[in-house]
Amino acid sequence: MAGAAWTDVRAAPLVLVPVGSCEQHGPHLPLSTDTVIAEAVAARAADALRPDARGQVLVAPPIAFGASGEHADFPGTVSIGHEALTSVLVETVRSLALWAGRVVFVNGHGGNVPTLDAAAGRMRIEGHDAGWVGCGVPGGDAHAGFTETSVMLHLAPDLVRPFDAVTGDTRPLAAIMPELVAGGVRAVSPSGVLGDPAGASAERGREIVAAMVASVVRRIGGGRADERGRLLDPAAPRP
């Protein structure tokens with residue numbers, strides 16, 4: 001969409017809006033990791049949706065600052081917080097709704113989830129066809145570990161630094177959550193890594209991205225959402 005002229009935009013398109021963050025991802029991954037992933041998944045999902053779409057499918061420029069307060073102790077992190085991000089998401093939908101038929105946020109950062117719930121839910125109450133979907137995969141580690149390192153080796157290998165000596169906290173997220181909430185990521189992992197990047201590879205990254213894209217395509221194509229605007233997998237049983 002960023003490279004289009006206004007005359008290229010047809011009536012009532014589906015617009016995918018990548019939402020990422022600018023935050024530490026250990027000593028080996030760039031601050032833009034979540035944004036890179038959200039952009040790539042949105043672009044590939046749009047390509048997959050276009051053949052069967054009733055109208056145009058566009059990918060908007062990314063929203064690159066998110067709610068990343070848990071990473072604030074690490075230099076380079078920029079967090080605009082829940083309130084500001086909610087306003088950005090709400091006003092983005094209101095503006096797009098003047099000409100777009102449907103808006104879907106494609107989220108790459110877990111810390112944005114409560115904000116997306118609040119904003120998308122509010123937009124649906126206002127009557128907008130808006131929702132959101134995440135880029136997670138079942139079994140993935142929490143942050144800057146095997147999953148994200150593999151994905152970045154596939155998407156942007158030139159941005160990945162050596163990670164052979166990188167260590168992180170490998171306990172399940174549920175086990176460290178109380179410490180994480182109380183003291184942020186640095187309190188549980190001085191490196192900023194939650195997981196272990198050992199063994200990460202571009203080939204595994206390719207497989208993980210394909211799974212992310214397939215999930216996003218299913219959820220967008222299914223058209224079901226809960227009251228928070230989360231798009232539901234059509235294969236999942238109805239509540």
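Residues numbered from 1 in each chain as written. Predicted model: local features only at pLDDT ≥ 70, side-chain atom pairs only at ≥ 80, totals over all residues. Heavy atoms only, no water.

Trainee: Go over the side chain of E23 with me, naming the residues and quoting the values.
Mentor: Note that E23 resides in the loop between β1 (14-19) and α1 (33-49). Of the buried charged residues, E23 lacks a salt bridge, with R186 as the closest side chain of opposite charge at 13 Å. There is a polar contact of 3.4 Å between the side chain of E23 and the side chain of S21. Within the local environment of E23, its side chain forms a polar contact with the side chain of H109, the two groups lying 3.2 Å apart. Apart from residues no more than four positions distant in its own chain, E23 is found in contact with P30, L31, D34, S68, H71, T77, H109 and H143. (Helix = DSSP H or I, 4+ residues; strand = E, 2+ residues; numbered from the N terminus. Buried < 20%, exposed > 50% of the residue type's maximum accessible area, 1.4 Å probe, protein only. Lys, Arg positive; Asp, Glu negative; His and termini not counted. Salt bridge = Lys/Arg side-chain N within 4 Å of Asp/Glu carboxyl O. Polar contact = N/O pair within 3.5 Å; in protein donor to acceptor, adjacent residues only side chain to side chain. Contact = heavy atoms within 4.5 Å.)

Trainee: Give me the lowdown on helix α4 (residues 146-155), citing residues and values where you can.
Mentor: Summarising burial for α4: seven of the ten residues are buried, a large majority. Within α4, the full set of buried residues consists of T147, E148, T149, S150, V151, M152 and L153. Turning to α4, the residues buried within the fold contact α1 and α7 (202-222).

Trainee: Provide a residue-level description of the packing of α4 against α7, including the pertinent values.
Mentor: Here α4 crosses α7 at 100°, and the two axes come no closer than 7 Å. As far as their axial angle goes, α7 and α4 are roughly perpendicular. Of the residues in α7, those in contact with F146, T147, S150, V151, L153, H154 and L155 of α4 are A202, R204, G205, R206, I208, V209 and M212. Along the lines of polarity and charge, the residues of the contact of α4 with α7 split into eight nonpolar, four polar and two charged. (Axes fitted to C-alpha atoms, helices over the stretch in contact; angles between N-to-C directions. Parallel < 35°, antiparallel > 145°, perpendicular 65-115°, else oblique. Nonpolar A, V, L, I, M, F, W, Y, C, P; charged D, E, K, R; others polar.)

Trainee: Tell me about the layout of surface pockets, residues and numbers included.
Mentor: Of the volumes computed, that of the largest pocket is approximately 970 Å³. Those elements giving two or more residues to the lining of the largest pocket turn out to be α1, α3 (113-125), β4 (130-134), α4, α5 (173-183) and α7. Tallying contributions element by element places α7 first for the lining of the largest pocket, with five residues. A breakdown of the residues in the lining of the largest pocket according to their chemical character gives 17 nonpolar, 13 polar and eight charged. By volume, the second largest pocket is sized at about 290 Å³. What lines the second largest pocket is a set of 16 residues, among which L14, D52, A53, R54 and R102 lie closest to the centre. Per-class residue counts for the lining of the second largest pocket are eight nonpolar, four polar and four charged. (1 Å grid on protein atoms, 1.4 Å probe; cavity = no way out; pocket = protein on both sides within 12 Å on 5 of 7 lines; lining within 4 Å. Points joined across faces, edges and corners; volume = space filled by probe spheres on them.)

Trainee: Run through the pairing of strand β3 (residues 102-107), naming residues and quoting values.
Mentor: Here β3 lies mainly inside the structure; six of its six residues are buried. Burial along β3 is two-sided: the residues R102, V104 and V106 and V103, F105 and N107 are all buried. Of the pairings in the sheet, the one linking β1 to β3 comprises six bridges and is parallel in character. Bridging from a neighbouring strand, V17 pairs with F105 of β3. Of the strand pairs in this sheet, β3 and β4 are connected by five bridges, and their pairing is parallel. Across the sheet, residue F105 finds its bridge partner in β4, namely W132. Handedness of the crossover joining β3 and β4 through α3 is recorded here as right-handed. (Pairing = 2+ DSSP bridges. Right-handed = clockwise from strand over helix to strand, strands pointing away.)

Trainee: Pulling in residues and values, what's your account of the sheet that holds β1?
Mentor: Pairing in this open sheet of four strands is parallel, and the strands run β2-β1-β3-β4 from one edge to the other. Of all strands in the sheet, those bounded by a partner on one side alone are β2 (57-59) and β4. On average, each strand axis in the sheet is inclined to that of its neighbour by 25°, with strand direction left out of account. Running at roughly 155° to β4, α3 makes contact with β3 and β4 of the sheet.

Trainee: Break down the environment of A235 for me, citing the residues and quoting the values.
Mentor: Along the chain, A235 falls in the segment after α7. In this structure the C-alpha to C-alpha distance between A235 and R218, which are 17 residues apart in sequence, comes to 8.6 Å.

Trainee: Break down the pattern of salt bridges for me, with residues and values.
Mentor: Under the criterion given, the structure shown has eleven salt bridges. In this structure, the salt-bridge partner of E179 is R171, at a minimum N-O distance of 3.2 Å. Classification of E179 by relative accessible area gives partly exposed; the value is 35%. Between E203 and R206 there is a salt bridge, with its nearest N and O atoms 2.8 Å apart. Taken together, the residues E203 and R206, both in helix α7 and three residues apart, mark about one turn of the helix. Judged by relative accessible area, R206 falls into the partly exposed class, the value being 40%. A single salt-bridge network, built from bridges that share partners, covers E91, R94 and E126.

Such coordinate-based values are descriptive only and should not be taken to indicate function.
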